[in-house]
Amino acid sequence: MNVPRLIDGKAAAAQVLFQVRKDVDSLREQDIQPALAVILVGSDPASQVYVRNKILRAEEVGIRSVEHRLSLDTSTEQLLNLIATLNTDRSINGILLQLPLPAHIDELRALEAIAPGKDVDGFHSENVGGLSQGRTVLAPCTPSGCLYLLEQTCGDLRGKHAVVIGRSNIVGKPMAALLLKADCSVTVLHSRSPDPQALCRQADIVIAAVGRPRLIDASWLKPGAVVIDVGINRIEDDGRSRLVGDVDFDNALPHVSAITPVPGGVGPMTIAFLMKNTVTAALMQQQAQRSQSEALCRSIY
Ligand code: NAD
């Protein structure tokens, strides 16, 4: 077998961001300044770090970011009011609601309140439904990033058997939908799947999105499989705190043809695709406005 290839998420994210920067520049030449509104409710430390990183990355690629920090005691109604204002604000192209929300807020209502065309996280049911129908919509960022890495690594994905481990709404299910759209045969495993190792061993492609440190070792993998590790788990190792994936990297490495490391694999792709979705949203809104103006002109003349 060939030497296993390390899939470099940082380099791939840099490629995506390079293209985003070019798209932002060309929109600016048409007097359109892409803008992302980020809403953070409360002061969860991890969420604050995520929000800061998203805003920094937006600035780097020329996307204007507008931060809305709401206090922990914000009500669902107050959050919905802010979302309604941002929905109608034509200077805002994308709205990101940082999750998790405090327990008293109705998360589903808040996510459903975001205009589907500004839903850069791809969590609105209209985008979820569109994705499951194979339509081109704003798709969730992490699975979109995983698909990009797979296409770069494997080339044509048609006919490959992909096993997705995990069925969450933010990773597992949209990942399965994207892989189906790419003409893979897809199996989704979850906590109630009997003998998941046996099913996983049939896969050409494995996407692990479980949230269990180093759950997947060589006994789960067909020799030569391509492995995308979405998991981000903090563990104590020899008295040191560090991040590991859902895949036991050292154990799996000799059995695979390619694998993402943690950190440095899927993580950088998520933010890169958030930026890409913001520019896509701006382009879609520009297109919709043009169509409206053309229709108005036709109705006048
Ligand atoms: P989740 O807890 O919502 O879902 C986990 C899924 O794993 C569930 O569907 C469950 O059925 C399944 N599962 C649990 N135990 C299993 C087992 N033994 N065998 C098979 N399936 C099992 O988690 P999530 O939000 O999808 O996140 C998964 C992991 O991905 C976490 O580590 C999270 O931190 C990470 N994550 C990373 C990024 C990124 O940008 N890299 C983004 C989102 C999530």
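Residues numbered from 1 in each chain as written. Predicted model: local features only at pLDDT ≥ 70, side-chain atom pairs only at ≥ 80, totals over all residues. Heavy atoms only, no water.

## Thoughts on the overall build of the protein chain
Here's step 1: Per the secondary structure count, the protein chain includes 10 helices and 11 strands.
Here's step 2: Here the C-alpha radius of gyration of the protein chain, 20 Å, is about what a compact globule of 301 residues would show, namely 19 Å.
Here's step 3: Here the protein chain holds 301 residues, and the buried ones make up 45% of them.
Here's step 4: Long-range contacts, defined here as pairs at least 24 residues apart, represent 70% of the contacts in the protein chain between residues at least 6 apart. (Helix = DSSP H or I, 4+ residues; strand = E, 2+ residues; numbered from the N terminus. Rg over C-alpha atoms; globule rule 2.2 N^0.38 Å. Buried < 20%, exposed > 50% of the residue type's maximum accessible area, 1.4 Å probe, protein only. Contact = heavy atoms within 4.5 Å.)

## Details of the layout of surface pockets
Here's step 1: Of the volumes computed, that of the largest pocket is approximately 1,500 Å³.
Here's step 2: Lining the largest pocket are 49 residues, and of these Y50, T142, I232, G267 and T270 lie nearest its centre.
Here's step 3: Of all the secondary structure elements, the ones that give two or more residues to the lining of the largest pocket are helix 1 (9-29), helix 2 (45-61), strand 4 (94-97), helix 6 (141-154), strand 9 (233-237) and helix 10 (267-300).
Here's step 4: Top element by residues in the lining of the largest pocket is helix 2. It accounts for 8 residues. (1 Å grid on protein atoms, 1.4 Å probe; cavity = no way out; pocket = protein on both sides within 12 Å on 5 of 7 lines; lining within 4 Å. Points joined across faces, edges and corners; volume = space filled by probe spheres on them.)

## Here we look at the site of the ligand
Here's step 1: In the region of the ligand, 21 residues are neighbours, and R167, S168, S191, I232 and T270 sit closest.
Here's step 2: A distance of 3.4 Å separates a nitrogen atom of the ligand from a polar side-chain atom of R212.
Here's step 3: In isolation the ligand exposes 860 Å². Once the protein is present, 74% of that is buried. (Near = heavy atom within 4 Å. Polar contact = N/O pair within 3.5 Å; in protein donor to acceptor, adjacent residues only side chain to side chain. Areas by Shrake-Rupley, 256 points an atom, 1.4 Å probe, with all protein chains shown as cover.)

## Some thoughts on the environment of L149
Here's step 1: In this structure, L149 sits in helix 6.
Here's step 2: C-alpha of L149 to C-alpha of I7: the two residues are 142 residues apart in sequence and 7.4 Å apart in space.
Here's step 3: With residues up to four places along the chain from it excluded, the contact list for L149 reads I7, G9, A12, I228, T260, G265, V266 and M269.

None of this, on its own, says anything about what the molecule does.
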